[in-house]
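The residues making up each chain are set out below.
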Amino acid sequence: MINDHLLNPIRDHLIQEQETLAVAESVTSGLLQFMFSQVDEASRFYEGGITVYNLQQKIRQLAVDPVHARQTNCVSEKVAEQMAKHVARLFSSNWGIGITGYASPVPEGNNKVYAYLAIAHGKEICYKGRLEAPEENAMAANQNYYAKAALTKLLMCLEQVVS
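Given the structure is predicted, the values throughout are model-derived calculations rather than measurements. Going along each chain's sequence as written, the residues are numbered from 1 onward. Restriction of local features to residues with pLDDT of at least 70 applies here, the model being predicted, together with a cutoff of 80 or more for giving and counting side-chain atom pairs; totals for whole chains, interfaces and linings are based on all residues. Processing note: side-chain calculations cover all non-hydrogen atoms of the structure and skip hydrogens and water entirely.

1. Some remarks on the sheet that holds strand β5 (residues 124-132)
Spatially, β2-β1-β3-β4-β5 is the arrangement adopted by the five strands of the open sheet, whose pairing is mixed. What marks the edges here is a single partner per strand, and that holds for β2 (46-51) and β5. When the angles between neighbouring strand axes are averaged without regard to direction, this sheet yields 10°. Here, a strand pair is defined by DSSP locating no fewer than two bridges between the strands. The numbering of helices and of strands both runs from the N terminus, where a helix is a DSSP run of H or I of at least 4 residues and a strand a run of E of at least 2. Inspection of the sheet shows strand β3 (residues 95-101) paired to strand β4 (residues 114-121) by seven bridges, in the antiparallel sense. Along β4, the bridge assignment pairs Ile97 with Ile119. Angles here are taken between N-to-C directions and fall from 0 to 180 degrees, while the axes themselves are lines fitted to C-alpha atoms, restricted in helices to the stretch in contact.

So this is what it looks like as structure tokens:
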């Protein structure tokens, strides 16, 4: 489950640039927070995170737009962006990750399995997009799939900013 081949380069980039990271999760339910906590020297770059599952907590804790969140069941690119930006502000971090979606088929998501991921650097969005998980996977496998995709996209963003 731990993706050292992704986490160690992320750590190295953030420490080298003296930057920090915070995470706002819904669909991955703390998996990213767990992964970052397992990295050597995590306290040098990882500020922490928050797991929010429902509409009210996303509005209260992460300042997502309540009208849009209600219309989309909190699963949209815009919600992920707002989560990423606000968690960075909340934890005074340079980087923020926001991820929201469905890990198993549910009627609210048209029985599809997908998530939206956004990565903020300062006030700018470095990455935003929809992640499609294999529908035949179990929920835990989909959560791991999303977490690995988030790490991959974060590493891509870090490499773009440094170069």
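Now, onward.
2. Some points on the pairing of β4
Within β4, seven of the eight residues are buried, which leaves the element mostly enclosed by the surrounding structure. Bridge count between β4 and β5: eight bridges; the pairing is antiparallel. Counterpart to Tyr116 in the pairing with β5 is Arg130. Between the end of β4 and the start of β5, which pair antiparallel, lie two residues, with Gly122 showing a positive phi angle near 65°. For every residue, the accessible area obtained with a 1.4 Å probe (protein chains only) is divided by the maximum for its type, and the residue is called buried under 20%, exposed over 50%, and partly exposed between those limits.

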